[in-house]
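Residue-level listing of the chains:
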Amino acid sequence: MSQLRIHGINCAIPMIGFGFMDNMVMIQAGDFIDNHIGVAFGLTTLTAAAFGQVCSDVSGVCFGGVIEEFAAKMGLPQSTLTKSQLNSKRVRLFSTACAAIGVVIGCLLGMISLLFMDLDRAERQKKAKKLGGLFDTLVRDGRRILGAQRCNLWLVTEDGEHLWSRAFTGEIPKRERLRRVFDRYDEDHSNSINAENLIGVFKKLGWDIDEREILDKIHNFRQEKEKKKKRRGSVGNTLKNNSGAGDSKTHTQTGTQQVDLESIDFGEFQQLIKFILKEERRIPIRKGGAKHTVLTSGKVVNIQNAYATSRYQRNFRAKGGSTRNFDKYTGYDTFSVLLVPVVVEDPKRVIGLIEFANKSVDGIGYQAFSKNDEKVAALLASVASSFIAETIAPSD
């Protein structure tokens with residue numbers, strides 16, 4: 001009986017390696033395919049998993065011998081069963097069972113990687129891609145139809161505590177206005193501002209910003225700036241050599257500068273604001289705020305004057321991320337705001353809202369949104385709701 005157990009162990013151990021490698025490769029390859037090729041070409045998760053299995057099978061063929069060799073070098077005790085005993089039906093069934101158990105154990109070990117993976121990432125990316133056309137069409141056309149300076153479509157995230165937007169659509173503040181905003185940060189008049197303090201302000205505004213991503217973006221800005229300097233320097237040196245004129249005291253510095261991420265200048269500040277406003281954003285839903293009121297009541301909120309603080313604060317008591325702070329730190333002037341809920345049926349619920357800001361009238365400037373604007377905006381939200389609901393609905 002002890003020899004049979006030894007034989008069973010020798011059958012199971014290599015299969016643990018095969019099962020581990022098979023499942024690990026399939027999961028990792030399938031996840032990579034799903035997050036990249038699947039998102040780009042609209043492949044289903046099941047299709048990505050099938051391609052992952054192909055990669056896993058190929059790996060098994062290529063590296064199966066390595067696993068067997070490794071198992072042989074482990075120094076496992078060998079059974080003394082005779083050839084006739086090994087060929088008996090009882091031993092063959094036992095060997096198959098041990099090998100199957102080994103594969104199951106290996107596959108379970110290979111699944112441990114699932115604990116450290118973002119399993120919903122590909123699904124979110126696919127939904128965002130599907131919603132891309134809707135964002136572009138609805139938000140841009142809606143902005144044009146209502147004559148709004150800015151427009152944004154916000155969707156409630158799965159946790160119910162944040163609003164997500166694919167991108168901001170509207171006019172980026174002009175250089176002069178951004179310069180005034182920059183000067184508010186530049187308290188010591190050094191023509192630079194502290195990057196960490198700036199990120200802190202954005203977070204106070206309610207923007208769910210990845211600090212590492214912002215710092216990496218600043219680093220990229222500086223790399224592009226350095227490349228442009230090098231190209232200009234290279235052209236200048238070429239012209240100088242061709243002309244035959246030279247001055248030993250005149251030279252072009254093209255070396256790479258030390259990147260200081262602690263402070264940024266005005267040019268980098270401009271690029272950073274444009275980057276933030278054009279990228280996907282998440283903001284927390286602030287209880288008592290205007291957006292929270294729309295989401296909880298399902299009714300249109302028309303703020304005729306965002307700076308009429310007594311009326312605004314009385315109705316919407318959000319503690320942070322106010323309109324004044326938003327304008328102060330981004331260079332905008334917000335006069336009027338129209339918030340329209342996006343409602344779906346079965347069950348009836350609010351899944352997001354459309355935000356319009358600053359009704360623009362030629363020759364007059366900005367004015368409040370009218371009752372007719374509310375009806376048009378509600379119609380746009382109604383047309384979009386069915387498509388949005390189908391797109392963000394969880395897959396069966």
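## Some remarks on the overall build of the protein
Phase 1 of the analysis: Each helix and strand in the protein was counted, giving 13 helices and ten strands.
Phase 2 of the analysis: Per-residue burial over the protein gives 38% buried out of 396 residues.
Phase 3 of the analysis: Here the protein displays about 23,500 Å² of accessible surface, and carbon together with sulfur accounts for 55% of that area.

## Thoughts on the nonpolar core
Phase 1 of the analysis: Of all hydrophobic cores here, the largest spans 24 residues; its most connected members are L153, I354, F356 and I388.
Phase 2 of the analysis: Only α5 (121-146), β1 (148-156), β8 (337-344), β9 (349-361) and α13 (371-392) provide two or more residues apiece to this core.
Phase 3 of the analysis: Looking at this core element by element, the count peaks at six residues for α5.
Phase 4 of the analysis: L178, L198, I199 and I218 belong to the second largest nonpolar core, which has 18 residues in total.

## Brief notes about the confidence of the model for the protein
Phase 1 of the analysis: Model confidence for the protein is summarised by a mean pLDDT of 78, while 77% of its residues fall at 70 or above.
Phase 2 of the analysis: Of all secondary-structure elements in the protein, the lowest mean pLDDT belongs to helix α11 (residues 309-315), at 48, while helix α4 (residues 89-110) reaches the highest, 94.
Phase 3 of the analysis: With pLDDT under 50 throughout, residues 245-260 is counted as low confidence; its partners more than four residues away or in other chains account for 18 contacts.
Phase 4 of the analysis: Confidence drops under pLDDT 50 across residues 309-314; counting only partners more than four residues distant or on other chains, this segment forms six contacts.

## Focus: unusual backbone geometry
Phase 1 of the analysis: The backbone of N191 sits at a positive phi, close to 60°, despite the residue not being glycine.
Phase 2 of the analysis: Mapping N191 onto the fold places it in the loop between α6 (175-185) and β4 (193-194).
Phase 3 of the analysis: If you check the backbone angles, N358 has positive phi at about 65° while not being a glycine.
Phase 4 of the analysis: Note on placement: N358 falls in strand β9.
Phase 5 of the analysis: Its relative accessible area of 0% is what places N358 among the buried residues.

## A few points about the side chain of N152
Phase 1 of the analysis: Looking at where N152 falls in the secondary structure, it is placed in strand β1.
Phase 2 of the analysis: Look at N152 and you get buried, because its relative accessible area is 4%.
Phase 3 of the analysis: Reaching out from N152, the side chain makes a polar contact with the side chain of S165 at a distance of 2.7 Å.

## Re the packing of aromatic side chains
The geometry of two aromatic rings is summed up by the distance between their centres and the angle between their planes.
Phase 1 of the analysis: Using the criterion set out here, one finds two aromatic pairs in the structure.
Phase 2 of the analysis: Relative to F266, the ring of F182 lies with its centre 5.5 Å away and its plane at 75°, an arrangement referred to as edge-to-face. Highlighted residues: F182 in helix α6 and F266 in helix α9 (residues 266-278), separated in sequence by 84 residues.
Phase 3 of the analysis: Classification of F266 by relative accessible area gives buried; the value is 4%.
Phase 4 of the analysis: Across the ring face of F266, the terminal group of R179 is positioned such that the distance to the ring centre comes to 4.6 Å.

## Let's talk about the packing of helix α1 (residues 2-41) against helix α2 (residues 45-72)
Phase 1 of the analysis: Where α1 contacts α2, the axes come no closer than 7 Å and their chain directions differ by 145°. Crossing of α1 over α2 shows right-handed handedness.
Phase 2 of the analysis: In the contact of α1 with α2, the residues fall into 14 nonpolar, nine polar and four charged.

## Some details on the pairing of strand β6 (residues 281-284)
Phase 1 of the analysis: Burial along β6 is one-sided: R281 and I283 are buried, while R282 and P284, pointing the other way, are not.
Phase 2 of the analysis: Bridge analysis of strand β2 (residues 162-165) against β6 gives four bridges, and the strand direction is antiparallel. Its bridge partner being in β6, W164 is matched across the sheet by R282.

## Overview of the pattern of salt bridges
Phase 1 of the analysis: As enumerated under the stated definition, the model contains seven salt bridges in all.
Phase 2 of the analysis: The shortest N-O distance in the salt bridge between R144 and D141 comes to 3.9 Å. On the criterion of helical spacing, the pair formed by R144 and D141 is a turn pair, its members being three residues apart in helix α5.
Phase 3 of the analysis: With relative accessibility at 59%, the residue R144 sits in the exposed group.
Phase 4 of the analysis: Between D373 and K359 there is a salt bridge whose closest N-O contact spans 3.3 Å. Here D373, found in helix α13, pairs with K359, found in strand β9; they are 14 residues apart in sequence, far enough to count as distant.

## What about a nonpolar patch on the surface?
Phase 1 of the analysis: On the surface, F20, I101, I105, L109, I112, L115 and F116 cluster together into a nonpolar patch covering about 720 Å² of accessible area.
Phase 2 of the analysis: Sorting elements by how many residues they give to the nonpolar patch places α4 first, with three residues.
Phase 3 of the analysis: Within the secondary structure, I112 is located in the loop between α4 and α5.
Phase 4 of the analysis: Among the residues examined, I112 registers a relative accessible area of 40% and is labelled partly exposed.

## Describing a positive patch on the surface
Phase 1 of the analysis: Taken together, K227, K228, K230, R231 and R232 make up a surface patch of like positive charges.
Phase 2 of the analysis: Along the polypeptide, R232 turns up in helix α8 (residues 211-243).

## A look at a negative patch on the surface
Phase 1 of the analysis: A cluster of acidic side chains, namely D120, E158, D159 and E161, defines a negative patch on the protein surface.
Phase 2 of the analysis: Within the secondary structure, D120 is located in the loop between α4 and α5.

## Things to note about the environment of Q125
Phase 1 of the analysis: Tracing the backbone through its elements, the reader meets Q125 in helix α5.
Phase 2 of the analysis: The sequence separation of Q125 and A40 amounts to 85 residues, and the corresponding C-alpha distance is 9.4 Å.
Phase 3 of the analysis: If we skip the residues at most four places from it in the chain, Q125 touches N35 and V39.

How each quantity is defined
- Residues numbered from 1 in each chain as written.
- Predicted model: local features only at pLDDT ≥ 70, side-chain atom pairs only at ≥ 80, totals over all residues.
- Heavy atoms only, no water.
- Helix = DSSP H or I, 4+ residues; strand = E, 2+ residues; numbered from the N terminus.
- Buried < 20%, exposed > 50% of the residue type's maximum accessible area, 1.4 Å probe, protein only.
- Areas by Shrake-Rupley, 256 points an atom, 1.4 Å probe, with all protein chains shown as cover.
- Core = buried A, V, L, I, M, F, W, Y, C linked by side-chain atoms within 4.5 Å.
- pLDDT = per-residue confidence, 0-100.
- Contact = heavy atoms within 4.5 Å.
- Polar contact = N/O pair within 3.5 Å; in protein donor to acceptor, adjacent residues only side chain to side chain.
- Phe/Tyr/Trp six-rings, centres within 6.5 Å; stacked < 30°, edge-to-face > 60°.
- Lys NZ or Arg CZ within 6 Å of the ring centre and 35° of its normal.
- Axes fitted to C-alpha atoms, helices over the stretch in contact; angles between N-to-C directions.
- Left-handed = near helix turned anticlockwise from the far one by under 90°.
- Nonpolar A, V, L, I, M, F, W, Y, C, P; charged D, E, K, R; others polar.
- Pairing = 2+ DSSP bridges.
- Salt bridge = Lys/Arg side-chain N within 4 Å of Asp/Glu carboxyl O.
- Patch = residues over 30% accessible without salt bridge, like charges linked within 9 Å, V, L, I, M, F, W, Y side chains within 5 Å.
- Lys, Arg positive; Asp, Glu negative; His and termini not counted.
- Charge placed at Lys NZ, Arg CZ, Asp CG, Glu CD.

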